[in-house]
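Topology and contacts: notes
Spelled out from the first residue to the last, the chains are:
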Amino acid sequence: MLNENLFAQPLDQFKPLIDPYMRRINYLRVSVTDRCDFRCQYCMSENMVFLPKKDLMTLEELDRLCTIFIQLGVTNIRLTGGEPLVRRGLLDFIKNMSRHLNTGALSELTLTTNGSQLTRLSKPLYDLGVRRLNVSLDTLDPDKFKQVTRWGNFSKVINGIMTAKECGLKIKINTVALKGFNENELFDLTSWCAQNEFDITFIEVMPMGDIGNENRIGQFWSLKNLRQRLEERYTLIDTPERSGGPATYIKVWETNQKIGFITPLTHNFCESCNRVRVTCTGELFMCLGQEDKVDLKTPLRKYPNDDRPTIETIRRAIEAKPKGHDFDYSRQTIQGQVTRYMNHTGG
Ligand code: SAM
Ligand code: SF4
């Protein structure tokens, strides 16, 4: 007689990924390229040297890797970069990945983008099953936009965002809080988002990479202070919503809009972390704020027809997922800085 439990037990190979702190890993961020058409001051130096093409995972390899993670219980994938929409062939990659949306194995495939390609790509993205986008926008002033992105074109981005909205994509604006730069736009940005029915998430600037001469401590605007400023005008209602990531959320009573705060430096978000990151070179980072990484490209390439060595490597990595990161500005020096750039790991 058949043992019915046999069907209740996942095959050992495909049992879910649970780290030593009992956090279930079901969210994967994939940086599909380190390249970008902008050079944001806090993210890159102006003379960035990008990785040689041969070091990048092919889109077929990224598909195979994402599929492995889905078999291991990942239900949400976010594509990021660099700028994901400048990677050639990305729409074909998304088209192939949408098979997992169709089977229901993947609940959501989303992107974080700078918005520069959205006028052209919003409709195809919607047609392929993408329903939500995070778009980065730090200012509503075209001159300041040029200053912070160095190479960005403000009207192109705004057109892109509006096209995405018209196509039915739900939009969340990501704004890095920058002291002396967008402090005076707090209410303009918030009410522009409310008018357009966009959520907005503010992000504290993180110490990633060597970005040149910019003074990061000078750039740091604590979200504690930002929140106090919002409270001068609005009634903020805390919500229990957690995405498993670094954001906490509030509702604005007057506008009914959702505002997120990503506060890695003033608030530790690690205890409920459900995510890991894969870079465009196939490195698996278990924590955004730590240097520990595992190479997945080698087992993937060495065993083209056998996923088990890659799965084994992923499992060993998850067993070593650190409890949290060590970023800290509190002593006015940068503690816990990591040397890689944000565009490499994906924000
Ligand atoms: N190019 C896309 C974009 O800008 O949305 C995706 C990649 S970008 C690295 C992802 C997010 O990281 C963006 O919202 C960006 O503002 C944020 N980011 C980049 N460098 C950062 C830093 N040093 N501290 C905090 N956020 C940063
Ligand atoms: Fe490019 Fe995004 Fe980094 Fe800006 S934040 S330079 S858009 S990767």
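Not measured: the values here are computed from a predicted model.

Analysis parameters
Residues numbered from 1 in each chain as written. Chains lettered and ligands numbered in written order. Predicted model: local features only at pLDDT ≥ 70, side-chain atom pairs only at ≥ 80, totals over all residues. Heavy atoms only, no water. Near = heavy atom within 4 Å. Nonpolar A, V, L, I, M, F, W, Y, C, P; charged D, E, K, R; others polar. Helix = DSSP H or I, 4+ residues; strand = E, 2+ residues; numbered from the N terminus. Expected span 1.5 Å × (residues − 1). Contact = heavy atoms within 4.5 Å. Polar contact = N/O pair within 3.5 Å; in protein donor to acceptor, adjacent residues only side chain to side chain. Salt bridge = Lys/Arg side-chain N within 4 Å of Asp/Glu carboxyl O. Buried < 20%, exposed > 50% of the residue type's maximum accessible area, 1.4 Å probe, protein only. Right-handed = clockwise from strand over helix to strand, strands pointing away. Pairing = 2+ DSSP bridges. Axes fitted to C-alpha atoms, helices over the stretch in contact; angles between N-to-C directions. Parallel < 35°, antiparallel > 145°, perpendicular 65-115°, else oblique. Phe/Tyr/Trp six-rings, centres within 6.5 Å; stacked < 30°, edge-to-face > 60°. Lys NZ or Arg CZ within 6 Å of the ring centre and 35° of its normal.

Lining the immediate environment of ligand 2, one finds Cys36, Phe38, Cys40, Cys43, Met44, Gly82 and Asn114. Class assignment for the residues of the shell around ligand 2 results in 5 nonpolar, 2 polar and no charged.

With that settled, the discussion passes to helix H11 (residues 308–319). Compared with an ideal rise of 1.5 Å per residue, which puts 12 residues at 16 Å, H11 spans 17 Å between its outermost C-alpha atoms and is within 8% of the ideal. Among the structural elements, helix H2 (59–71), strand E10 (275–278), strand E11 (283–285), strand E12 (293–295) and helix H10 (297–302) are those in contact with the buried residues of H11.

Once that is clear, we can look at the site of ligand 1. In the neighbourhood of ligand 1, 19 residues make up the surrounding shell, with Tyr42, Gly82, Thr113, Ser136 and Met206 lying closest. At 3.1 Å from a nitrogen atom of ligand 1 is found a main-chain nitrogen or oxygen belonging to tyrosine 42. Here a nitrogen atom of ligand 1 and a backbone polar atom of glycine 82 are 3.0 Å apart. Of all the elements in the fold, those that place two or more residues in the shell around ligand 1 are strand E3 (108–113), strand E5 (170–177) and strand E6 (199–204). Of the residues belonging to the shell around ligand 1, the class tally is 7 nonpolar, 9 polar and 3 charged.

Following the criterion strictly, the structure yields 16 salt bridges and no others. The closest approach of N and O atoms between aspartate 34 and arginine 35, which form a salt bridge, is 3.2 Å. For arginine 35, a relative accessible area of 24% corresponds to the partly exposed category. Ionic pairing is found between aspartate 63 and arginine 99, a salt bridge with its closest N-O pair at 2.8 Å. Of this pair, aspartate 63 sits in helix H2 while arginine 99 sits in helix H3 (residues 90–103), and the two are 36 residues apart along the sequence. Each of Arg227, Glu231 and Asp238 takes part in salt bridges that share partners, so that together they form one network.

Before going further, it helps to examine the environment of proline 84. By the element assignment, proline 84 lies in the loop between strand E2 (76–80) and H3. For proline 84, the contacting residues outside a window of four places in its chain are Val32, Thr33, Leu79, Leu90, Leu111 and Thr112.

A few words on the pairing of strand E1 (residues 27–31). For E1, a buried count of 5 out of 5 residues is recorded, marking the element as mostly surrounded by other parts of the structure. Neither face of E1 is exposed, since Tyr27, Arg29 and Ser31 on one face and Leu28 and Val30 on the opposite face are all buried. Each parallel crossover has a hand, and for E1 linked through H2 to E2 it is right-handed. In terms of strand pairing, E1 meets E10 through 4 bridges, oriented parallel. Bridge assignment links leucine 28 to a residue of E10, and that residue is valine 276.

Interhelical geometry of helix H7 (residues 186–196) versus helix H9 (residues 223–231) gives an angle of 70 degrees and a closest axis separation of 11 Å. Compared by their axis directions, H7 and H9 come out roughly perpendicular. Two secondary-structure elements touch here, H7 through Leu186, Phe187 and Thr190 and H9 through Leu226, Arg229 and Leu230. For the contact of H7 with H9, the residue count by class is 4 nonpolar, 1 polar and 1 charged.

Evaluation of the coordinates by the stated rule reveals 4 aromatic pairs. On the numbers, 5.5 Å between centres and 65 degrees between planes, the contact of phenylalanine 145 with phenylalanine 154 is edge-to-face. Owing to a relative accessible area of 2%, phenylalanine 145 belongs among the buried residues under this scheme. Measuring from centroid to centroid gives 5.5 Å for tryptophan 192 and phenylalanine 198, while their planes differ by 70 degrees, and the two rings are edge-to-face. Take tryptophan 192: its relative accessible area is 14%, and that puts it in the buried class. In textbook terms, an aromatic cluster arises when at least three aromatic residues are bridged by ring pairs, as seen for Phe38, Phe145 and Phe154. For lysine 144, the ring lying beneath its charged end belongs to phenylalanine 181, and the centroid distance is 5.1 Å.

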